[in-house]
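The chain contents come next:
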Amino acid sequence: MGLTAGIVGLPNVGKSTLFNAITKKSILAANYPFATIEPNVGVVTVPDERLDKLNEMYHPERLIPTAFEFTDIAGLVKGAAQGEGLGNKFLSHIRETDAIVEVVRCFENNDIIHVEGEVDPIRDIEIINLELILADLESIGNRIEKIEKKVKTGSKDKDEILELEALIKAKDALEKNIALRSVDFTKEERLAIKSYNFLTLKPIIYMANINEEDINNTNDHVKKVEEYAKKEGAKVIKVCAKIEEELSQLDDQDHQDMLEALGIEMSGLDQLIKATYDLLGLATYFTVGTDEVRAWTFRKGMNAKECAGIIHTDFEKGFIRAEVMSYTDLIECGSELKVKEAGRTRLEGKDYLMQDGDICYFRFNV
């Protein structure tokens, strides 16, 4: 599934350094605003120890983890919604993403210029969020006017009336400086405004970029970000982008040794990847065999027929049924044969809701 999380923030907060670590690419990470001019896209794999276990069991020719994209979007500045910096261009790049990772500077360093003069994470968050709100308000304005004219002249189109009501609800919230992800829209209202791809409706994670010495501590800047995020039900991931970039250059054993030396169980980036995966409402099912063991990404709530279509459209068109066992049952029993002998293999129809960790064989005919 082509899902993307966009990394945003003010210039010089560590976005590009973080992106380098995520993708192990060498993009420009310079100490000045607008070092990143075009969005850089990198595909990352989702850490999943279950895939390692399946690899040990099947010894396949190919092992393919599940993955999604992170997009590094150039630094926004105050006034972006009015075109300051390269604002409008950058805002359009954010609109194309499914979720937002907002990198917030939570470290002091006199050698790294702050575009606003001093470190203040809440001010920085509010600058970014205000620009996203202003961009959404601009999208709403013209459309409300057009639909209102139709309704006033007697239009009884139920879809247009619902869209108008949802847009007015959105406009009222935005004018009160409330992001749309914090608004209680009904399912029907969400569908009515889905095509607008509103920036503030996208789920968000705040990433607090810290100094090395704070890797096992929570400094005052991070505490403020956590308090802010809690109000809108958002998650905060603490990371030292510099350390993550170093970790990304190491092989598996050296990587693990460095984590142990730092006294942490999981790198900040692995935490971010897992948190973003969860934020987007994603889960994983597996297909297994000696030729290939593969993880597949699906949205929670998808049925077996829809999940079959992720592999190939023919699987969905000609879907007959899915033979399903859980990863947990496979590990407990030790083999597929023993899972069947224990009566834990199931034949599921098209309406079966796929569960995270399901192992599937799809039967189809076209």
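Here the residue numbering is sequential within each chain, running from 1 through the sequence in written order. Given that this is a predicted model, residues contribute local features only at a pLDDT of at least 70 and side-chain atom pairs are listed and counted only at 80 or more, while totals for whole chains, interfaces and linings are drawn from all residues. In computing side-chain properties, one takes all heavy atoms of the structure into account and sets aside hydrogens as well as water.

## Focus on the environment of cysteine 307
Okay, so step 1: Note that cysteine 307 resides in helix α11 (residues 304-311).
Okay, so step 2: Not counting residues up to four positions away in its chain, the partners in contact with cysteine 307 are Tyr285, Phe298, Met302, Met354 and Phe362. Helical segments are the DSSP runs of H or I of at least four residues, strand segments are the runs of E of at least two, and each set is numbered from the N terminus. Any two residues whose heavy atoms approach within 4.5 Å at even a single point are treated as in contact.

## Topic: the sheet that holds strand β2 (residues 40-45)
Think of a sheet as strands paired side by side through backbone hydrogen bonds, with each pair either parallel or antiparallel.
Okay, so step 1: Spatial ordering of the open sheet is given by β2-β4-β1-β5-β6-β7, a layout of six strands whose pairing is mixed. At either end of the open sheet lies a strand with only one pairing partner, and these are β2 and β7 (235-239). Within this sheet the neighbouring strands show an average axis-to-axis angle of 25°, counted without direction.
Okay, so step 2: Pairing between strands is defined by DSSP: at least two bridges between them are needed. Pairing between strand β1 (residues 4-8) and strand β5 (residues 99-105): four bridges, direction parallel. Bridge pairing in β5 places valine 8 opposite glutamate 102. Interaxial angle, 0 to 180 degrees, is taken between N-to-C directions of lines fitted to C-alpha atoms, where a helix line uses only the stretch in contact.

## Comments concerning helix α2 (residues 49-58)
Okay, so step 1: In this scheme, a residue with accessible area under 20% of its type's maximum is buried, one over 50% is exposed, and one in between is partly exposed, where area comes from a 1.4 Å probe on protein chains only. Burial in α2 covers these residues: Arg50, Leu51, Leu54 and Tyr58. The arc enclosing the buried residues of α2, seen along the axis, measures out at 100°, which places them on a common side. Facing away from the buried surface of α2 by more than 90 degrees, the exposed residues are Glu49 and Glu56.
Okay, so step 2: Once α2 ends, the next one or two residues include histidine 59, with phi positive near 45°. The arc in question is the one spanned by the directions pointing from the helix axis to the C-beta atoms.

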